[in-house]
Amino acid sequence: MGPQPFVFGVDLDGVCADYTAGFRDIVAAQLGVAPETLPLDRSWDFREWNFRPGDFERFHRIAVLQQRMFRTLPVVPGAPEALWRLSDAGIWIRIITHRLYVNWGHEIAISDTAAWLDTHRLPYRDICFLGAKPEVEADMYVDDAAHNVLGLRELGNNVIVFDQPYNRELAGPRAADWTQVEEIVLDAAARKGAVLHSPLPGLDPMVDRLDTRTRRAVEPDPGSTPSGASGIDSSMTGSGGPNLLDPG
Ligand SMILES: [Mg+2]
């Protein structure tokens, strides 16, 4: 039996996707106010945006179903590059998202999430769409939401807090950016005895390599026309076949 991979569970909103910035633009347009009037430094319950009971649910629904926010959220700087480096080192990337916590719009939430991951070329080996359950058998997690961090820790899991204004009361480990996430994960994987592969610096610039890999993933036939990009690394599965997630 070979060594078990080190599985890293990665939350999306507030960690890989800038939920606050994307949601703010949509809420501001709905309210007819300038986005700057809604502070990015906000509490978990958006009290700084003067939300009344029910407002969050209403605006979130508009944002997801009408404005297709899960397709358009800004990516958190450094997230794709750090995840590619971790994946290259042998870390198993498991995307975890709690976007199904409401009982509507699952088709849009799932398809827009997959499209977003492709657009921003986030590598992953599997993906979990969760409701309330926080745990998906990873060796380490990164999350921004206090209830997820505390729930996971209660079950004995290692969780990195991705720093946000609404989670400052939580104990560490804490990462202010993706460089720090990468360091903590590599350190934990090494401690666990996971076999890590060293990258070959200088030979293959990251951005070019992302392009090369994603082109390879969407161009199974030499003569075919690219129809999009995919963050799925075809070399992960050893399959040179077409990427089934690509609609084209
Ligand atoms: Mg989150």
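Parameters and conventions
- Residues numbered from 1 in each chain as written.
- Predicted model: local features only at pLDDT ≥ 70, side-chain atom pairs only at ≥ 80, totals over all residues.
- Helix = DSSP H or I, 4+ residues; strand = E, 2+ residues; numbered from the N terminus.
- Buried ≥ 20, exposed ≤ 12 C-beta atoms within 10 Å, placed from the backbone.
- Contact = placed C-beta atoms within 7 Å.
- Core = buried A, V, L, I, M, F, W, Y, C linked by C-beta atoms within 7 Å.
- Domains from an automatic or database assignment.

Visitor: Just give me the short version of the overall build of the protein, but keep the residues and values in it.
Guide: Helices and strands together make up the secondary structure of the protein, namely 9 helices and 6 strands. Expressed as a percentage of the 248 residues in the protein, the buried residues total 32%. Taking the contacts inside the protein whose residues are at least 6 apart along the sequence as the reference set, 64% of them involve residues at least 24 apart.

Visitor: Which residues make up unusual backbone geometry, and what values do they have?
Guide: Cis geometry marks the peptide bond from G172 to P173, where omega comes out at 5 degrees. Positive phi is not limited to glycine here, since R121 has a value of about 60 degrees. If you trace the backbone, R121 turns up in the loop between α5 (106–119) and β3 (126–129). One non-glycine residue, E137, adopts positive backbone phi at about 60 degrees.

Visitor: Requested: an account of the nonpolar core, with residues and values cited.
Guide: Within the largest apolar cluster, 51 residues are counted, with the highest numbers of intra-cluster contacts made by F8, V10, C16, I91, I93, V142 and I160. Ranked by residues supplied to this core, first place goes to helix α4 (residues 79–88) with 5 residues. Residues lining this core come from more than one domain, with at least three contributed by each of domain 1 (7–16 + 75–192) and domain 2 (19–72). Apart from residues no more than four positions distant in its own chain, V10 is found in contact with V15, C16, I93, R94, I95, I96 and V142.

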